[in-house]
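One letter stands for each residue in the lines below.
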Amino acid sequence: MLVFVIAGVILWPSFQLYVLFPRQEKALKERLSRATTFEDSQAVRMEINEFNQRKGALYEKRIVHLGLDLVGGMHVVLDVDRSQLSEEEARRAPDLALEVIRNRIDQFGVFEPTIQKTDRGRILVQLPGVDRERALNIIKQPAHLTFNLVEEKAKVYDALKTIDERLQAKGGVPATVDSTVSQPLDTTMKEEAVPGTLLSYLRSEGDELDLLIYAKDTANFRAVLEQGKEFWPQGYEFAYGPVETMDNDKVVRVYLIKSEPELVGTRLRRAEPAIYQGAELERANTWVVNFELDREGAAKFATVTGRNVGRRLAIVLDGVVRSAPRIQERIPNGRGQITMYDRRGDKAKDLSIVLNSGALPAPVVVVEERSIGASLGADAIRRGLIAAAVGALVVVLFMLIYYGVGGLLADFALVANIFLLLAVLAALRATLTLPGLAGIALTIGMAVDANVLVFERIREELRAGKTPMAAVDTGYARALVTIIDANATTIITALALYFIGSGPVRGFAITLGVGLVINVLTAVFLTRFIFDWFLAQFEVKTLRI
Amino acid sequence: MKLFGDTNIPFVPKRRFFFLISACLVVVSVLLIVFKGFHYGVDFTGGGLVQVRFSAPVKIDAVRAALTAMGEGGASIQQTETGDFLIRVKPSAKSGDESGFSSRLRQQFAVSFPNIPFEVLRDEAVGPRISKELQSKVLIAVLIGLIGILIYVSFRFDFRFGTGAALALIHDTLIILGFCALFNREITTTLIAAILTLIGYSVNDSIVVSDRIREAVKKIRKESFPDIVNRAVNDTLSRTVITALTTLFVTIALLILASAEIRDFAFALTVGIVVGTYSSIFVVANLVVEWEQKFPTRRRR
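The following paragraphs examine the structure supplied in this document. Computed from a predicted structure; not experimentally measured.

### What about the overall build of chain B?
Logical step 1: Per the secondary structure count, chain B includes 10 helices and six strands.
Logical step 2: Here the C-alpha radius of gyration of chain B, 24 Å, is well above what a compact globule of 301 residues would show, namely 19 Å.
Logical step 3: With respect to the principal axes defined by its C-alpha atoms, chain B has extents near 85 × 45 × 30 Å.
Logical step 4: Across the 301 residues of chain B, 56% fall into the buried class.
Logical step 5: In chain B, the share of contacts with a sequence separation of at least 24, taken over all contacts with a separation of at least 6, comes to 79%.
Logical step 6: For chain B, the exposed area adds up to about 13600 Å²; of that, 64% sits on carbon and sulfur atoms.
Logical step 7: Distance from the positive charge centre (34 side chains) to the negative charge centre (25 side chains) of chain B: 8 Å.

Here you go:
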């Protein structure tokens with residue numbers, strides 16, 4: 001009896017989380033959508049905040065966690081690319097990367113993320129219910145920030161022209177380039193541009209500050225540029241901006257920047273998203289990231305900006321030129337701004353997270369990924385539960401019909417089984433996965449086995465002419481050995497499965513193993529106890545099972 | 001209610017017949033495995049799998065065109081009964097970032113189907129090294145499981161039963177794998193989990209029968225060994241079938257009602273329970289009898 005009370009107490013938080021909270025959450029969201037005035041919606045938002053805090057607190061308690069295959073979310077295993085690191089750096093890299101990724105994810109705001117080191121220095125990240133692309137961006141962004149001086153548009157154009165000429169002198173336009181891809185719309189600037197040359201890819205736009213190419217041409221453009229690498233201006237390299245939308249075209253800016261950055265590896269003190277406040281109309285209402293360098297960085301920044309007033313300085317993040325503002329005056333306080341072309345604010349927020357939590361020691365690559373969309377997970381839960389319920393119901397009915405009173409007892413044991421199994425899973429903070437759900441369903445089927453063994457034995461003993469009391473006694477005694485032997489082998493396989501260790505299968509192994517142990521216990525003690533009580537209470541003379 | 005009264009079905013006397021059936025099943029299964037082969041999941045082959053659901057019907061040719069446009073013309077495309085597309089690619093030749101395919105696919109689909117919103121239901125990507133590691137892990141787990149069971153059964157019973165149970169296991173596993181090959185079920189870690197579970201289940205059944213034989217051998221001295229075994233199998237028949245039935249109720253419910261991801265798993269379980277039950281009734285005890293006839297041991301006192 002006490003066992004069930006304890007089990008009930010253990011299961012309460014899980015019940016709150018999965019049964020009560022979703023309803024409250026839905027109600028709150030509905031109220032938010034109905035709220036008409038700003039004050040109303042603010043009030044509801046406060047309540048939602050508080051609700052989320054209570055929900056977060058529940059995750060700290062012992063609950064049954066739902067696996068990613070049920071709630072949706074991503075599971076990635078990352079490997080740190082150690083090829084460019086020294087031995088000492090390579091040894092520390094996984095820990096550093098883990099730390100950085102943990103910091104970033106903490107700011108990202110996910111309920112119960114898993115971030116841990118696994119074998120061979122790999123990092124396992126599990127994020128329930130997040131948008132895959134955003135999460136991947138945050139995790140994988142190396143966050144290497146440099147400040148490089150930028151050449152003016154005319155000089156970039158000249159450099160490209162020179163490379164074209166030299167390449168043509170060497171043997172014409174490289175044959176590997178697919179020159180049919182795109183024809184420039186406007187040819188005023190380069191009437192003489194031969195298709196396939198660098199200049200032919202340029203989208204001319206007289207009053208733009210930079211040279212532009214169409215985003216879809218980037219690969220071709222890069223390929224030609226790489227072939228002419230020997231003709232690049234000494235000490236400079238080409239760089240690109242992010243993809244932008246301009247007059248319904250997707251375009252990319254081409255920059256020529258100094259290879260040697262003016263400022264490198266600078267730790268930021270702070271970065272935060274903000275709404276653009278400047279004068280450019282087209283950027284009104286877009287988000288930017290304001291940053292502030294630490295003291296050392298600010299001093300260097302002041303020197304660089306002081307020395308280069310009037311020139312443009314590119315803010316380069318992970319090789320992409322985020323923006324290239326002209327230095328108007330010396331900037332003494334180490335403050336700057338990265339423009340984002342972002343109307344929703346997500347990108348600015350994510351970039352701030354990445355900048356705030358520092359750079360990865362080395363690039364990370366995804367070596368394994370299993371992401372499940374939320375709707376697929378919900379579907380899996382719903383159908384899994386229906387299947388388990390139908391299966392259980394059929395078993396329950398069958399036992400009732402087949403064994404009568406004994407069947408009722410077995411059914412009671414079955415329900416007790418599932419209840420206790422869930423409680424133990426909650427106490428272990430185990431994760432319930434889709435195969436785990438199947439494991440529970442399977443335990444339902446097998447749960448009655450021990451009772452079947454016992455009942456069949458009792459039937460035999462009754463046939464042999466024993467009194468009910470004696471029959472029950474011998475039945476249990478004889479069946480016990482068999483029950484233990486039979487379940488021991490399945491528990492051995494559950495242990496073996498546990499060692500395979502991949503998430504869903506491990507969940508299955510745990511539910512199966514725990515389920516079997518509980519099975520044996522309920523069959524041997526619980527039903528025995530009730531049986532004896534029943535026989536003594538009603539002084540049963542003849543037993544029919 | 002009773003399904004079986006006092007049965008006296010001649011399982012043991014007719015054992016040659018059942019051996020023949022089992023032999024045929026095993027041979028056919030092995031042939032299927034060797035010649036038809038398995039359809040391995042991403043877990044084992046490495047590579048990527050993306051499941052996409054469009055909000056409006058999309059032709060499979062259009063999906064193929066989109067994939068060709070992104071340079072993945074070799075991808076395999078499969079449409080599920082719910083209209084989702086399962087797109088599989090082989091592992092990239094150079095070991096690199098495995099999340100790339102899905103990201104590029106999302107971008108390409110957004111371009112190719114600008115007016116049809118889609119949702120990516122599932123991404124799986126496994127690098128070649130990980131899939132190799134998983135293969136060896138699974139192999140080790142299966143070996144640990146098998147050896148563990150063999151040791152336990154040999155220890156609790158004797159070597160004859162241990163061997164009988166182990167042979168029955170190999171018999172069951174081969175037949176399940178044969179069915180998986182026949183019905184093109186995908187071999188994934190989850191399926192391996194199902195097979196390992198079945199191994200446990202099948203031994204479970206065999207043990208109940210063996211237990212009965214052991215008990216009967218101690219009690220009854222007059223009858224011949226085959227007769228005792230036949231009696232033991234008949235005595236446990238009711239329990240064996242009922243346990244199989246109750247478990248089957250659940251696995252069949254899973255097979256019919258649960259989502260597609262669990263269906264291969266439920267399929268293997270269903271087949272496995274039928275085969276496992278068959279083998280514990282018709283194979284294990286008969287193997288022990290056969291052994292006893294060839295190499296009689298003195299009856300224990």
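### A word on the overall build of chain A
Logical step 1: Along its length, chain A carries 14 helices and 18 strands.
Logical step 2: Counting only C-alpha atoms and orienting by the principal axes, one finds that chain A spans roughly 110 × 60 × 45 Å.
Logical step 3: Counting over 545 residues, chain A shows a buried share of 51%.
Logical step 4: By sequence separation, contacts in chain A at least 24 residues apart represent 71% of the contacts at least 6 residues apart.

### Thoughts on the pairing of strand β2 (residues 73-80) of chain A
As a general feature of sheets, a regular strand has side chains that alternate between the two faces.
All names here are of chain A.
Logical step 1: Burial analysis of β2 places eight of its eight residues in the buried class, the great majority of the element.
Logical step 2: Because side chains alternate across β2, one face comprises the buried residues Gly73, His75, Val77 and Asp79, and the other comprises Met74, Val76, Leu78 and Val80, equally buried.
Logical step 3: Where β2 meets strand β17 (residues 364-372), eight bridges bridge the pair, whose relative direction is antiparallel. By the bridge assignment, valine 77 is partnered in β17 with glutamate 368.

### Quick notes on the packing of helix α10 (residues 374-403) of chain A against helix α11 (residues 405-427) of chain A
Two packed helices can be described by the angle between their axes and the distance between those axes.
All names here are of chain A.
Logical step 1: The interhelical angle for the contact between α10 and α11, taken along N-to-C directions, is 155°, at an axis separation of 6 Å. Compared by their axis directions, α10 and α11 come out roughly antiparallel. Viewed along their axes, α10 and α11 form a crossing whose handedness is right-handed. In this structure, α10 uses Val395, Val396, Met399, Leu400 and Tyr403 to contact α11, whose residues at the interface are Val405, Gly406, Gly407, Leu408, Ala410, Asp411 and Leu414.
Logical step 2: Residue composition of the contact of α10 with α11, grouped by class: nine nonpolar, two polar and one charged.

### Here's the deal with unusual backbone geometry
Logical step 1: Positive phi values are uncommon outside glycine, yet arginine 429 of chain A reaches one of about 50°.
Logical step 2: Phi angles above zero are rare outside glycine, and asparagine 184 of chain B is one such case at about 60°.
Logical step 3: With respect to the helices and strands, asparagine 184 of chain B occurs in the loop between α6 (159-182) and β6 (186-187).

### What to know about the interface of chain B and chain A
Logical step 1: At the interface, 76 residues of chain B touch 68 residues of chain A.
Logical step 2: In this assembly, chain B packs against chain A so that about 6100 Å² is buried in total across both faces, 62% of it on carbon and sulfur atoms.
Logical step 3: Applying the counting rule to chain B against chain A returns eight salt bridges.
Logical step 4: Its salt-bridge partner being glutamate 215 of chain B, residue arginine 478 of chain A comes within 3.9 Å of it at the nearest N-O pair.
Logical step 5: Of all the elements in the fold, those that place two or more residues in the side of chain B that touches chain A are α4 (100-112), β5 (118-126), α5 (128-156), α7 (189-219), α8 (225-257) and α9 (260-282) of chain B.
Logical step 6: Per-element accounting of the side of chain B that touches chain A gives the leading share, 17 residues, to α7 of chain B.
Logical step 7: Residue composition of the side of chain B that touches chain A, by class: 34 nonpolar, 19 polar and 23 charged.

### Here's the deal with the pairing of strand β4 (residues 123-128) of chain A
Residues and elements named next belong to chain A.
Logical step 1: Extensive coverage of β4 is indicated by the burial of five of its six residues.
Logical step 2: Where strand β3 (residues 114-117) and β4 come together, four bridges link them in antiparallel fashion. Considered in β4, the bridge of threonine 114 is made with glutamine 126.
Logical step 3: Here β3 folds back onto β4, and the loop between the two strands holds five residues, one of which, arginine 120, carries a positive phi near 55°.

### Observations regarding the sheet that holds strand β3 (residues 76-79) of chain B
Logical step 1: In space, the eight strands of this open sheet follow the order β3(A)-β4(A)-β2(A)-β17(A)-β5(B)-β2(B)-β4(B)-β3(B), with antiparallel pairing throughout. Of all the strands in the sheet, just β3 of chain A together with β3 of chain B have a single pairing partner and so form its edges. Across the sheet, the mean angle separating the axes of adjacent strands is 20° when strand polarity is ignored.
Logical step 2: Summarising the sheet, β3 of chain B and strand β4 (residues 85-89) of chain B pair through four bridges and their orientation is antiparallel.

### With respect to the environment of arginine 295 of chain A
Logical step 1: Mapping arginine 295 of chain A onto the fold places it in helix α8 (residues 295-307).
Logical step 2: Separated by 242 residues in sequence, arginine 295 of chain A and glutamine 537 of chain A place their C-alpha atoms 84 Å apart.

### Regarding the packing of aromatic side chains
Logical step 1: For the coordinates displayed, the defined rule picks out 22 aromatic pairs over all chains.
Logical step 2: Note on phenylalanine 147 of chain A and phenylalanine 291 of chain A: the rings are 5.9 Å apart at their centroids and 45° apart in plane angle, and the pair reads as tilted. In this pair, phenylalanine 147 of chain A is assigned in strand β5 (residues 145-150) and phenylalanine 291 of chain A in strand β13 (residues 287-293), connecting sequence segments 144 residues apart. Here phenylalanine 147 of chain A matches phenylalanine 291 of chain A in class, with each residue buried.
Logical step 3: Within the aromatic cluster, the residues linked to one another by ring pairs are Phe398, Tyr402, Tyr403 and Phe455 of chain A together with Phe249 of chain B.
Logical step 4: The side chain of lysine 229 of chain A reaches across the aromatic face of tryptophan 232 of chain A, ending 5.3 Å from its centre.
Logical step 5: The ring of phenylalanine 267 of chain B carries arginine 185 of chain B above its face, with NZ or CZ at 4.2 Å from the centroid.

### Quick word on α6 of chain B
Logical step 1: Its 24 residues give α6 of chain B an end-to-end C-alpha distance of 34 Å, which sits within 8% of 34 Å, the value for a rise of 1.5 Å per residue.
Logical step 2: Most of α6 of chain B is tucked away: 17 of the 24 residues are buried.

### Some words on the environment of isoleucine 381 of chain A
All names here are of chain A.
Logical step 1: By secondary structure assignment, the location of isoleucine 381 is in helix α10.
Logical step 2: A residue is classified by how much of its surface remains accessible, and isoleucine 381, at 22% relative accessible area, is partly exposed.
Logical step 3: A C-alpha to C-alpha distance of 28 Å links isoleucine 381 and leucine 400, two positions 19 residues apart in sequence.
Logical step 4: In contact with isoleucine 381, other than residues within four places in its own chain, are Leu66, Leu70 and Leu437.

### A short note on a nonpolar patch on the surface
Residues and elements named next belong to chain A.
Logical step 1: The grouping of Leu393, Leu397, Leu400, Ile401 and Leu408 at the surface amounts to a nonpolar patch, some 480 Å² of accessible area in total.
Logical step 2: With four residues, the top contributor of residues to the nonpolar patch is α10.
Logical step 3: Examined against the element boundaries, leucine 400 turns out to sit in helix α10.

### Topic: the sheet that holds strand β16 (residues 335-342) of chain A
All names here are of chain A.
Logical step 1: Across the sheet, which stays open at both edges, the three strands sit in the order β12-β13-β16 with antiparallel pairing between neighbours. Pairing within the sheet leaves two strands with one partner each, and these edge strands are β12 (268-275) and β16. The sheet shows a mean angle of 20° between the axes of neighbouring strands, taken without regard to direction.

Calculation criteria
- Residues numbered from 1 in each chain as written.
- Chains lettered and ligands numbered in written order.
- Predicted model: local features only at pLDDT ≥ 70, side-chain atom pairs only at ≥ 80, totals over all residues.
- Heavy atoms only, no water.
- Helix = DSSP H or I, 4+ residues; strand = E, 2+ residues; numbered from the N terminus.
- Rg over C-alpha atoms; globule rule 2.2 N^0.38 Å.
- Buried < 20%, exposed > 50% of the residue type's maximum accessible area, 1.4 Å probe, protein only.
- Contact = heavy atoms within 4.5 Å.
- Areas by Shrake-Rupley, 256 points an atom, 1.4 Å probe, with all protein chains shown as cover.
- Lys, Arg positive; Asp, Glu negative; His and termini not counted.
- Charge placed at Lys NZ, Arg CZ, Asp CG, Glu CD.
- Pairing = 2+ DSSP bridges.
- Axes fitted to C-alpha atoms, helices over the stretch in contact; angles between N-to-C directions.
- Parallel < 35°, antiparallel > 145°, perpendicular 65-115°, else oblique.
- Left-handed = near helix turned anticlockwise from the far one by under 90°.
- Nonpolar A, V, L, I, M, F, W, Y, C, P; charged D, E, K, R; others polar.
- Buried area = accessible area lost by both parts, 1.4 Å probe.
- Salt bridge = Lys/Arg side-chain N within 4 Å of Asp/Glu carboxyl O.
- Phe/Tyr/Trp six-rings, centres within 6.5 Å; stacked < 30°, edge-to-face > 60°.
- Lys NZ or Arg CZ within 6 Å of the ring centre and 35° of its normal.
- Expected span 1.5 Å × (residues − 1).
- Patch = residues over 30% accessible without salt bridge, like charges linked within 9 Å, V, L, I, M, F, W, Y side chains within 5 Å.

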